[in-house]
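These are the residues of each chain, in order.
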Amino acid sequence: MTSRADRIEALLRQHFTPAVLRVADDSHRHAGHAGARPGGQTHYSVLLVSDAFRGQARVARSRAVHALLDGEFAGGLHALALTLRTPEEHAALPESAA
Amino acid sequence: MTGTVTERIQTEITENPVMLYMKGTAMFPQCGFSARVVQILTHMGVPFKTANVLEDPALREGIKQFSNWPTVPQLYVKGEFVGGCDIVTEMFQSGELATMLTEKGVPHEAAA
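Residues numbered from 1 in each chain as written. Chains lettered and ligands numbered in written order. Predicted model: local features only at pLDDT ≥ 70, side-chain atom pairs only at ≥ 80, totals over all residues.

A. Broad picture of the overall build of chain B. The secondary structure content of chain B amounts to 5 helices and 4 strands. Sequence-ordered secondary structure for chain B, helices as α and strands as β, is α-β-α-β-α-β-β-α-α. Computed over C-alpha atoms, the radius of gyration of chain B comes to 13 Å, within 12% of the 13 Å expected from 2.2 N^0.38 for 112 residues, which places it in the range of a compact globule. Reported as C-alpha extents along the three principal axes, the dimensions of chain B are approximately 45 × 25 × 20 Å. Buried residues in chain B amount to 38% of all 112 residues. (Helix = DSSP H or I, 4+ residues; strand = E, 2+ residues; numbered from the N terminus. Rg over C-alpha atoms; globule rule 2.2 N^0.38 Å. Buried ≥ 20, exposed ≤ 12 C-beta atoms within 10 Å, placed from the backbone.)

B. Region of interest: helix 1 (residues 4-16) of chain A. All names here are of chain A. Between the first and last C-alpha of helix 1 there are 18 Å, a value that for 13 residues agrees with the 18 Å anticipated at 1.5 Å per step. Listing the buried residues of helix 1 in full gives Arg-4, Ile-8 and Phe-16. Seen along its axis, helix 1 keeps its buried residues to an arc of 65 degrees; they face one direction. In this structure, helix 1 carries Asp-6, Ala-10 and Gln-14 as exposed residues pointing more than 90 degrees from its buried face. Its buried side turned inward, helix 1 meets strand 1 (20-25), strand 2 (43-49) and helix 3 (70-74). (Expected span 1.5 Å × (residues − 1). Arc of directions from axis to C-beta. Contact = placed C-beta atoms within 7 Å.)

C. Representation of the packing of helix 2 (residues 32-43) of chain B against helix 4 (residues 85-94) of chain B in the model. Residue and element names in this part refer to chain B. Between helix 2 and helix 4, the least distance of the axes is 9 Å, while the angle of their chain directions is 30 degrees. The orientation of helix 2 with respect to helix 4, classified from their angle, is roughly parallel. Classified by chirality, the crossing of helix 4 by helix 2 is left-handed. Here helix 2 contributes Phe-33, Arg-36, Val-37 and Ile-40 to the contact with helix 4, which in turn contributes Cys-85, Val-88, Thr-89 and Phe-92. Partitioning the contact of helix 2 with helix 4 into residue classes produces 6 nonpolar, 1 polar and 1 charged. (Axes fitted to C-alpha atoms, helices over the stretch in contact; angles between N-to-C directions. Parallel < 35°, antiparallel > 145°, perpendicular 65-115°, else oblique. Left-handed = near helix turned anticlockwise from the far one by under 90°. Nonpolar A, V, L, I, M, F, W, Y, C, P; charged D, E, K, R; others polar.)

D. Examining the nonpolar core more closely. Residues and elements named next belong to chain B. Leu-20, Val-37 and Val-88 are the most contacted members of the largest nonpolar core, which totals 42 residues. It is strand 1 (residues 18-22) that provides the largest number of residues to this core, a total of 5 residues. Apart from the residues lying within four places of it in its own chain, the contact partners of Leu-20 are Val-37, Leu-41, Phe-48, Thr-50, Pro-73 and Leu-75. (Core = buried A, V, L, I, M, F, W, Y, C linked by C-beta atoms within 7 Å.)

On their own, these measurements won't tell you what the molecule is for.
Put into structure tokens, the structure is as follows:
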């Protein structure tokens, strides 16, 4: 069985052809907290740098990612920290990378 | 989503210039992401009202549908959806949050 992180990464890679993509499973940091599950795979953070975000406001960028991962939210994905940038924005702000 | 939840949210975001849907309360946040947004608003000296989605399952589901946004916290300013923890944090760090509050006529302390 593939992990949720693998599925998230595959979906994002396929859809956004990212210049940079990092998916981290932070579930262990939220163990015991509301939304956490015994098997983990609930809390993730993503850094995604893609041309697709050019000209798109922040909320629209996040909604595009949420829509793509709809099935994962329905299946127990609880928290998804998103850092979504164009290549130009990323070049200007490398230090705060997720 | 029942009409009453939609109406409740519509009323809250209309009547409160800065409205935060969160887990827990401003005094006792029950989620790190909610706590961060409270911390930013408090730091900026912004008056805000909160609603605790953990106290009301209908609100917890209703706010996700209302905003078309799958996670909590969610921040509204002057009836407009701003975003969740990541967006609020990014906008705070870049100074856009202060600019937006000024543009919308919401009082806040000038950046140090």
